[in-house]
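Results of the structural survey
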Amino acid sequence: MLSPERLALPDYEYLAQRHVLTYMEDAVCQLLENKEDISQYGIARFFTEYFNSVCQGTHILFREFSFIQATPHNRASFLRAFWRCFRTVGKNGDLLTMREYHCLLQLLCPDFPLELTQKAARIVLMDDAMDCLMSFSDFLFAFQIQFYYSEFLESVAAIYQDLLSGKNPNTVIVPTSSSGQHRQRPTSGEASMLEGVEAPLFYQCLENLCDRHKYSCPPPALVKEVLSNVQRLTFYGFLVALSKHHINQALGALPDKGDLMHDPALDEELERL
Amino acid sequence: MDCQAEVNCGLHLVIQASSLPEKNKVEFKLNKETPSFPGRLLQHDLERNYSSRQGDHINLVSSSMPSFPILQRSSEEKILYSDRLTLERQKLTVCPIIDGEEHLRLLNFQHNFITRIQNISNLQRLIFLDLYDNQIEEISGLSTLRSLRVLLLGKNRIKKISNLENLKSLDVLDLHGNQITKIENVNHLCDLRVLNLARNLLSHVDNLNGLDSLTELNLRHNQITFVRDVDNLPCLQRLFLSFNNISTFESVCCLADATSLSDITFDGNPIAQESWYKHTVLQNMTQLRQLDTKRVTEEERRMASVVAKKEEEKKRESHKQSLLKEKKRLTINNVARKWDLQQHRITNIATNQDRKDSDSQDHCQNDGSTISAFPEETGSLDSGLTSALQGLSVTDTHLVEVDGDTLSLYGSGALECLDRNWSVQTAGMVTTVSFTFIEFDEIVQVLPKLRIKFPNSLHLKFKETNLVTLQQFNALAQLRRVDQLTVDPQGNPVVNFTLWKYYVLFRLSHFNMQKINGTEVTQNDMIMAERLFGILAHVASSELPQYHLISILGDARKKQFRYLLETKGKKPGIVNEENNDSKRLVGESTNRATLNYTTRDFYNEKLEEIKEKKKFCKIYIEDLVKEATEINMKNEALQKLWPQMFIELVRDAVMEIRNKNSYMKLCLQQITDQK
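Residues numbered from 1 in each chain as written. Chains lettered and ligands numbered in written order. Predicted model: local features only at pLDDT ≥ 70, side-chain atom pairs only at ≥ 80, totals over all residues. Heavy atoms only, no water.

Focus: the overall build of chain A
The helix and strand inventory of chain A stands at 17 helices and two strands. Of all 273 residues assigned to chain A, the portion counted as buried reaches 48%. (Helix = DSSP H or I, 4+ residues; strand = E, 2+ residues; numbered from the N terminus. Buried < 20%, exposed > 50% of the residue type's maximum accessible area, 1.4 Å probe, protein only.)

Re the interface of chain B and chain A
Facing 53 residues of chain B, the contacting portion of chain A comprises 51 residues. Together chain B and chain A conceal approximately 4700 Å² of surface at their shared face, both sides included; 66% is due to carbon and sulfur atoms. Connecting chain B to chain A are two salt bridges. Across the pair B:Lys613 and A:Glu33 runs a salt bridge, and its minimum N-O distance is 2.9 Å. Here chain B and chain A share six residue pairs in polar contact (both at pLDDT 80 or more) between them. Within the residue set of the side of chain B that touches chain A, elements represented by two or more residues are helix H7 (500-507), helix H8 (523-542), helix H9 (546-552), helix H10 (555-570), helix H11 (577-586) and helix H12 (600-657) of chain B. A per-element tally of the side of chain B that touches chain A places H12(B) first, with 14 residues. Looking at the side of chain B that touches chain A residue by residue, the class counts come to 28 nonpolar, 14 polar and 11 charged. (Contact = heavy atoms within 4.5 Å. Buried area = accessible area lost by both parts, 1.4 Å probe. Salt bridge = Lys/Arg side-chain N within 4 Å of Asp/Glu carboxyl O. Polar contact = N/O pair within 3.5 Å; in protein donor to acceptor, adjacent residues only side chain to side chain. Nonpolar A, V, L, I, M, F, W, Y, C, P; charged D, E, K, R; others polar.)

Quick notes on the sheet that holds strand E8 (residues 172-174) of chain B
Residue and element names in this part refer to chain B. Pairing within the open sheet is mixed, and its 11 strands lie in the order E3-E5-E6-E7-E8-E9-E11-E13-E14-E15-E16. Taken across any chain shown, the strands that pair with only one partner, and hence form the sheet edges, are strand E3 (84-86) and strand E16 (294-295). Of the pairings in the sheet, the one linking strand E14 (residues 263-265) to strand E15 (residues 290-291) comprises two bridges and is parallel in character. Residue pairing in the sheet places Asp263 in a bridge with Gln290 of E15. (Pairing = 2+ DSSP bridges.)

What about the nonpolar core?
The biggest cluster of nonpolar side chains holds 133 residues, and the ones touching the most others in it are A:Phe86 and A:Phe238. In contact with A:Phe86, not counting residues within four places along its chain, are A:Leu104, A:Leu107, A:Leu108, A:Phe136, B:Phe533 and B:Leu536. The next biggest cluster of nonpolar side chains, apart from the first, holds 69 residues, and it includes B:Leu71, B:Leu142, B:Leu164 and B:Leu211. (Core = buried A, V, L, I, M, F, W, Y, C linked by side-chain atoms within 4.5 Å.)

Observations regarding the side chain of A:Asp94
Checked against the element boundaries, A:Asp94 lands in the loop between helix H7 (72-91) and helix H8 (98-108). A polar side-chain atom of A:Asp94 sits 2.9 Å from a polar atom in the side chain of A:Asn92.

As for the confidence of the model for chain B
Regions with low pLDDT carry predicted coordinates that are not meant to be interpreted in detail. Residues and elements named next belong to chain B. Across chain B, pLDDT averages 77, with 76% of residues at or above 70. Overall, residues 1-57 carries pLDDT values under 50, and its contacts beyond four positions in sequence, including any with other chains, amount to 116 contacts. Contacts of residues 567-588 to residues separated by more than four positions or lying in other chains number 20 contacts, the stretch itself having pLDDT below 50. For this predicted complex, the interface confidence reaches an ipTM of 0.80, while the overall pTM sits at 0.60. (pLDDT = per-residue confidence, 0-100.)

Points about helix H15 (residues 235-244) of chain A
Most of H15(A) is tucked away, with eight of its 10 residues classed as buried. Considered for burial, the residues of H15(A) that qualify are A:Phe235, A:Tyr236, A:Gly237, A:Phe238, A:Leu239, A:Val240, A:Leu242 and A:Ser243.

Below, the structure is given as structure tokens:
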């Protein structure tokens, strides 16, 4: 806990990285909201409960979307909650439409935006036939990367578009260097004939992206793994591969695909009901 | 040419057609070999025996005319029956020339084959002419018979009434059994008393003016569909219309004004089959004494008027009802149209507003026309017709209807009706409430009122109410009880979800619903619902932090949860059997009670309110953080500086105490200074 790196960061940066302030602000806000009720059983107890629930990941239940989206931990907790609550739906084998999954999401978060669900569905369906039915596990994993890494994915999409249209955001315009320009022209030519972009080039851009940006992004090693297997790939191809890869461990929110339907603790509860 | 025939009967009739110019006293003879005069006679008839009615002995002589036989009678006969001549069944095909009988008053040509009325113009004293059962095709040759009073032309082939101009004294005209299609050319017969046009081809009756003496008019067995002009017959007493095609009284309505009529028959007409026939006729023709040859009694007349009045009432009532229905239909259409416009949210609302206004105006006008009919209809409602259908509030934009046990609401304006005062009886009878063309979010807001005002409503129906998410069903939990739920796929996209029924069963499990959308709820359905969503309930209740739980639930539940609070407080995080049981005691629904539905508008409102607080919190925390970091900095600074400071303190102290004597003196000095 008291590791040297932690103390190495200046105070504001540390707080920001751990999103401590977000939780503090939210706690105080909740306190203000419910002061009549909470004053009944003590403020200290309230704070205990609050932070306990943050640790357990139950703080995001029935909260507004802006809060759920605020921190990576919140997002992961939400994913986990979604999985736990609706695992039974998956176990039952029902295939549902995007709208129905959105409905289920809204049961937990009333103002969850439709665009996110749509984007997740696009990953599963490879941007095709949006009314198709999806299985629970497919949707869940796609939703996972879409929701957790939404900003990252947006940037990736932008990069992909740039690459498709032939612009390489990475090339440093050095007049003498011919290699950069060389690389540009074939890319544009090839892009028009073949689908997607060159994997290695794509990887370079993503690496830079990960370095540059603060918000969470998948571990670069993972990205490299995904991109090393193929020569060319499309945007959705990349996302699908990413979702199916062992990204779960990186996030720590959901179990692997094999274990998706198992949750002994809750199964027990279910028996009791 | 000589023709001879002998008919052996009382009548000795001999026909002779001769081209000889001589007037022979010869009998009418028919030639067996060559029957060649302008009639048609069958050979085998010649052998038959006929008997005549009158037994006249007539001799017919050959005439000077090329083809007409001449009739002559013996002088005894002439004296005996000087004014009448019977030529029945004489197989005549033409009218013979009757010579020397200018005094004749009665002429009988019945049962012959005469095709044209001829050769009688000289019989100017003729009063009675009987040409029944011949083959006459046209009325002619009568223009000189000014004294004629009775003209019998029944059973002929006459197609048209004509050439009766001079017969002004005609008293009886019999034209039955012909092919007459139209009544015409009789308007001058002002002495005519009896007119028989039965068994003709008449399709209507009119053109009867001028028949000022007509007492009896026989029109049986025609194809008459309507009757006119009968009220212009001042003396008409008997009118026979049996076996025609009259189906309504309106088609013979002139009869009501025929005050002289006392006897009428309608049997064999379609109208006589109607249930209202008798009393309608009696009601409209109070002058009648006999109907269909039966005397009309006072009792019948009275009954007729009573029944007629009742019919009138019923008609008025049903007219009113149909008007009401039409209005309802229009209103519902209007509501539907408004709803569609609303749903599709066309971008340029400005231009649509104009169109909508003009549309509703059109409807106003439409409804205006029906409304204007209404005030006239406010007659006495027959108490017998207790209207099962009460249209209570009908305007252009919404419709509220109570039909026995169903309350139907169309259009969002209809929700206001829940504020009205409903009689306990009416409200108690309502078991089904149907919502159409109303946003579900608006319905949610009036559900508490519904619960109070219509406590027996067990079946809810939703159509075109924009049910799109499963959450919305959470709102139904605030009702007392729902037995049946019907969500029409039209206008309710939520029905397309695979899991919607299970969710409803799960969330509203405490209602023990019997039917959803008409299908029975089975035990398996309930189990499946629990299996699918049970964990959600568990998570929603047990894993929510307490403060959150309480803030979501209403006041009512707070007391219930206070008990749980106590136990949970003592043993944090342990869910034991006791807790479970207590949960069950409180009610099945508590663990689902957290699953609420707030309409989007409310939700956004709430979020807006919270924004202020959030801002404040942010600033507050920032201040705290600033303070904390400052303190931390100061602390760190102190930590850094402290060793040095401590050493200096110690050094200073040690330096002070080095010289004991001077230190003692210093201390003493300080004490005296203080004093």
